[in-house]
Amino acid sequence: MTPQLTEFFHFLRFPSISTDRRHRDDVRDCANFLIQKFTGMGLQTELHETPGNPVVVAKNAPKPDRPTVLIYGHYDVQPVDPVDEWDTPPFEPTLKGDKIFCRGATDNKGQHFSHMLGVEETLEEHGDLPVNVIFLLEGEEEIGSPNLAPFLEQHREALKCDICAVSDTGMIGPGIPTMTYGLRGIACLEFKIHGPSLDLHSGVYGGAVPNPATIAARLVASLHNDSEVIQIPGFYDDVVPLEQWERDMWASLPDGDAATMDETGVAGLLGETGFTALEQRWGRPTAEVNGIGGGYQGEGSKTVIAREAMSKLSFRLVPDQAPEKILEHARQFLTAQCPDSCRIDVELGHFGPAYVMDPHSKYGKAAQRALETAFSGEPRLIREGGSIPIIQSIKDILGVDTLLLGLALPDCQIHAPNESFTVTNFEAGIRLNRALLEELAG
Ligand code: BES
Ligand code: ZN
């Protein structure tokens, strides 16, 4: 174990799960670890309170004649359940071969920690960095960053920068440098169908009264037609079509349909007609059921008509779909289909728009050169299906683009049991940071 890995393992051990209030103190301890680390590196370091989890900001001494780079990351992690499916304890980092297994190893602790170590190495070797750096690490990304946009507004001056860099996306394969120039947006909602005023015997009343579970299933089924086209009126109104260069670029990557099947273990693909799997995942909007429930879920059968049923939906969005508009269209679509015999409640959840930047801009090209140095290979240009809503807020509030230089591998299992990060990418991330700051300096 190198001292850098030992320190990384220490960072990984904090169970900084942001969705779960019981982990509030762990989240805070994790933020304090970062404060100590940055202070030890000689950076000007501040822990900022928010109505939720703290934001950590650390800067080197700024100089006026060089660009300022904002490096964003998140130290909060996803819950660990189903915990029984982990082969090793989720918060005990375990090294097997090249892989470090731990919740948060890739998403996102490993990725931003390697940037921190890159900065530390440069400072140790040269006493200074080639650029002004501001680290901005938050503890609420996995719950939609509810307090970070207001934080950006309040600290607009202190966070003034020329470009933002983030490693919180994927690589298309091991050793293949990948620059992401777009992310899908997201909009969430939950609906409940209320039927009878109490749970009913399904033999005594079945056939005459509405069954909320059936209605919920119908609503969910009505979202797509047989070509997997979303049926919500107005849903596609503002969708910007993929450009030919993107379709060509993605078609030149290793077979995306096969990779998608391989990574997910499905027996076949089922997506919108007329698009490849990569186009469907990166460039087309979706409607997904993330949860559906109602009625008896226990062992054996129970002949009941439960009084209510529910579903949680999320929509992934592409430019220029406005999340608020999409949620409103969805609410109307669902409400209109609920029969008069039932009542539907639709609760709108968190949302954020899609993001795209020009990968051929000055900073985009600098980032690609840095990727080439760190991985020695020509970078591939992709968009991602996942969302990091704060990236568009960084554009809107701070006025800068974000270079998305991901280190997540297709098999790293973020959000799932047995999440891992490779030592190879941990080290590549350190090299990437060093090359990136050099390239951005000029
Ligand atoms: N790092 C992910 C987003 C991601 C994953 C982007 C893979 C590209 C490739 C991030 O931590 C995440 O999970 N974001 C959430 C959004 C949020 C609002 C809950 C997501 O995409 O579901
Ligand atoms: Zn995540």
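Structure shown above.
**A closer look at helix H7 (residues 256-264)**
So, step 1. Two or three places before Asp257, at the start of H7, stands the capping residue Asp255, its side-chain oxygen 3.1 Å from that residue's backbone nitrogen.
So, step 2. Trailing H7 by a residue or two, Gly265 shows a phi angle of about 75°, which is positive.

**Focus on the coordination of the zinc ion (ligand 2)**
So, step 1. Each protein donor to the zinc ion (ligand 2) is listed here as Asp107 (OD), Glu142 (OE), Glu142 (OE) and His415 (NE2); together their distances run 2.0 to 2.6 Å.
So, step 2. One can describe the donor arrangement at the zinc ion (ligand 2) as irregular, given that its six donor atoms subtend angles of 54 to 153° at the metal.
So, step 3. If you list the donors of the zinc ion (ligand 2) from N- to C-terminus, the spacing comes out as D-x34-E-x272-H. Remark: Glu142 occurs in the loop between strand E6 (132-138) and helix H4 (148-154) and Asp107 occurs in helix H3 (residues 105-126); sequence separation between them is 35 residues. Each member of the pair, Asp107 as well as Glu142, carries the same accessibility label: buried.

**Details of the packing of helix H1 (residues 3-12) against helix H2 (residues 24-40)**
So, step 1. Between H1 and H2, whose axes approach to 10 Å, the crossing angle comes to 150°. Classified by the interaxial angle, the pair formed by H1 and H2 is roughly antiparallel. Counted together, Glu7, His10 and Phe11 of H1 and Cys30, Phe33, Leu34 and Lys37 of H2 form the full contact between these two elements.
So, step 2. For the contact of H1 with H2, the per-class residue count stands at four nonpolar, one polar and two charged.

**Remarks on the layout of surface pockets**
So, step 1. Computed from the structure, the second largest pocket encloses a volume of approximately 260 Å³.
So, step 2. Taken together, 16 residues form the lining of the second largest pocket, with Gly144, Phe351, Gly352, Pro389 and Ser393 sitting closest to its centre.
So, step 3. When residues of the lining of the second largest pocket are assigned to their parent elements, the largest contribution, four residues, is made by helix H11 (residues 390-398).

**Quick look at the site of ligand 1**
So, step 1. Taken together, 15 residues are adjacent to ligand 1, and Glu141, Asp168, Arg316, Ser387 and His415 come closest.
So, step 2. Here an oxygen atom of ligand 1 sits 3.3 Å away from a polar atom, N or O, in the side chain of His74.
So, step 3. For ligand 1, a nitrogen atom lies 2.8 Å from a polar atom in the side chain of Asp168.
So, step 4. Partitioned by chemical class, the residues of the shell around ligand 1 number two nonpolar, seven polar and six charged.

**Focus on H11**
So, step 1. Most of H11 sits out of view: seven of its nine residues are buried.
So, step 2. Residues of H11 that are buried: Ile390, Ile391, Gln392, Ser393, Ile394, Ile397 and Leu398.
So, step 3. As for H11, its buried residues are in contact with strand E3 (68-74), H4, strand E7 (163-166), strand E8 (178-183), strand E15 (355-356) and strand E17 (402-404).
So, step 4. Positioned one or two residues after H11, Gly399 has a phi angle of 75°, which is positive.

**Some details on the pattern of salt bridges**
So, step 1. All chains considered together, the criterion is met by 21 salt bridges.
So, step 2. For Glu279, the salt bridge goes to Arg247, with nearest N and O atoms at 2.8 Å. Taken together, the positions of Glu279 in helix H8 (residues 277-283) and Arg247 in helix H6 (residues 244-251) put the pair 32 residues apart, joining distant regions of the chain.
So, step 3. Residue classification places Arg247 among the partly exposed positions, given a relative accessible area of 26%.
So, step 4. Glu272 is the partner of Arg284 in a salt bridge, and the nearest nitrogen-oxygen pair spans 2.7 Å. One end of the pair, Arg284, is in the loop between H8 and strand E11 (286-294); the other, Glu272, is in the loop between H7 and H8, with 12 residues separating them in the sequence.

**Some remarks on the packing of helix H10 (residues 362-375) against helix H12 (residues 423-441)**
So, step 1. Two elements in contact, H10 and H12, have axes whose closest approach is 8 Å; the angle formed by their N-to-C orientations is 140°. In terms of their interaxial angle, H10 and H12 are classed as oblique. Handedness of the H10/H12 crossing: right-handed. When H10 is examined against H12, the residues Tyr363, Ala366, Ala367, Arg369, Ala370, Leu371, Thr373, Ala374 and Phe375 are found in contact with a partner set consisting of Asn425, Ala428, Arg431, Leu432, Ala435, Leu436, Glu439 and Leu440.

**Section: the environment of Thr214**
So, step 1. Topologically, Thr214 is positioned in helix H5 (residues 212-221).
So, step 2. Separated by 64 residues in the primary sequence, Thr214 and Pro150 place their C-alpha atoms 42 Å from one another.

**With respect to the nonpolar core**
In globular proteins that are soluble, nonpolar side chains generally tend to be buried together.
So, step 1. Counting residues in each nonpolar core, the largest one holds 90 residues, and the members touching the most others are Phe8, Phe38 and Leu403.
So, step 2. Among all residues touching Phe38, those that are not within four sequence positions of it are Leu43, Thr45, Val56, Ala58, Met116, Phe135 and Leu137.
So, step 3. Within the second largest apolar cluster, 25 residues are counted, among which are Leu189, Ile230, Ile232 and Phe235.

Analysis parameters
Residue numbers restart at each chain and count upward from 1, following the sequence in its written direction. Going through the entries in the order they are written, you letter the chains from A and number the ligands from 1. A pLDDT threshold of at least 70 governs which residues receive local features in this predicted model, and a stricter bar of 80 or more applies before side-chain atom pairs are shown or counted, although totals over entire chains, interfaces and linings include all residues. Each side-chain value is derived from all of the structure's non-hydrogen atoms; neither hydrogens nor water enter the calculation. Any pair of N or O atoms that falls within 3.5 Å is considered a polar contact. Within protein, one atom must be able to donate a hydrogen and the other to accept it, and sequence-neighbouring residues count only if both atoms are side-chain atoms. Per the convention used, a helix needs a DSSP run of H or I reaching at least four residues, while a strand needs a run of E reaching at least two, with both numbered from the N terminus. The rule for donors is simple: an N, O or S atom within 2.8 Å of the metal counts, and for Na, K and Ca the reach is 3.2 Å. Water is not among the atoms, so a site may look short of donors. For a four-donor site, all angles between 85 and 135 degrees give tetrahedral; for four or six donors, opposite pairs above 155 degrees with the remaining angles between 65 and 115 give square planar or octahedral; all remaining cases count as irregular. Think of it in three bands: residues with accessible area under 20% of the maximum for their type are buried, residues over 50% are exposed, and the middle band is partly exposed, with areas taken using a 1.4 Å probe on protein chains only. Note on geometry: axes are lines fitted to C-alpha atoms, helical ones only across the stretch in contact, with angles between N-to-C directions running from 0 to 180 degrees. Relative orientations are named as follows: roughly parallel for angles under 35 degrees, roughly antiparallel for angles over 145 degrees, roughly perpendicular for angles from 65 to 115 degrees, and oblique for any other angle. Whether two residues are in contact is decided by their heavy atoms, any of which lying within 4.5 Å being enough. Residues are sorted three ways: Asp, Glu, Lys and Arg are charged, Ala, Val, Leu, Ile, Met, Phe, Trp, Tyr, Cys and Pro are nonpolar, and all the rest, Gly among them, are polar. Buried and open spaces are told apart on a 1 Å grid over the protein atoms alone, a cavity being a set of points where a 1.4 Å probe fits but cannot get out and a pocket being an open set with protein on both sides within 12 Å along at least five of seven lines. Residues with an atom within 4 Å of a point are the lining residues. Grid points are joined across faces, edges and corners, and a volume is the space filled by probe spheres set on the points. The criterion for a residue being near a molecule or strand is simple. One of its heavy atoms has to lie within 4 Å of it. Criterion for a salt bridge: a side-chain nitrogen of Lys or Arg within 4 Å of a carboxyl oxygen of Asp or Glu. Take the far helix as your reference; a near helix turned counterclockwise from it by less than a right angle gives a left-handed crossing, and one turned clockwise gives a right-handed crossing. Buried residues of nine kinds, namely Ala, Val, Leu, Ile, Met, Phe, Trp, Tyr and Cys, make up a nonpolar core once their side-chain atoms join them within 4.5 Å.

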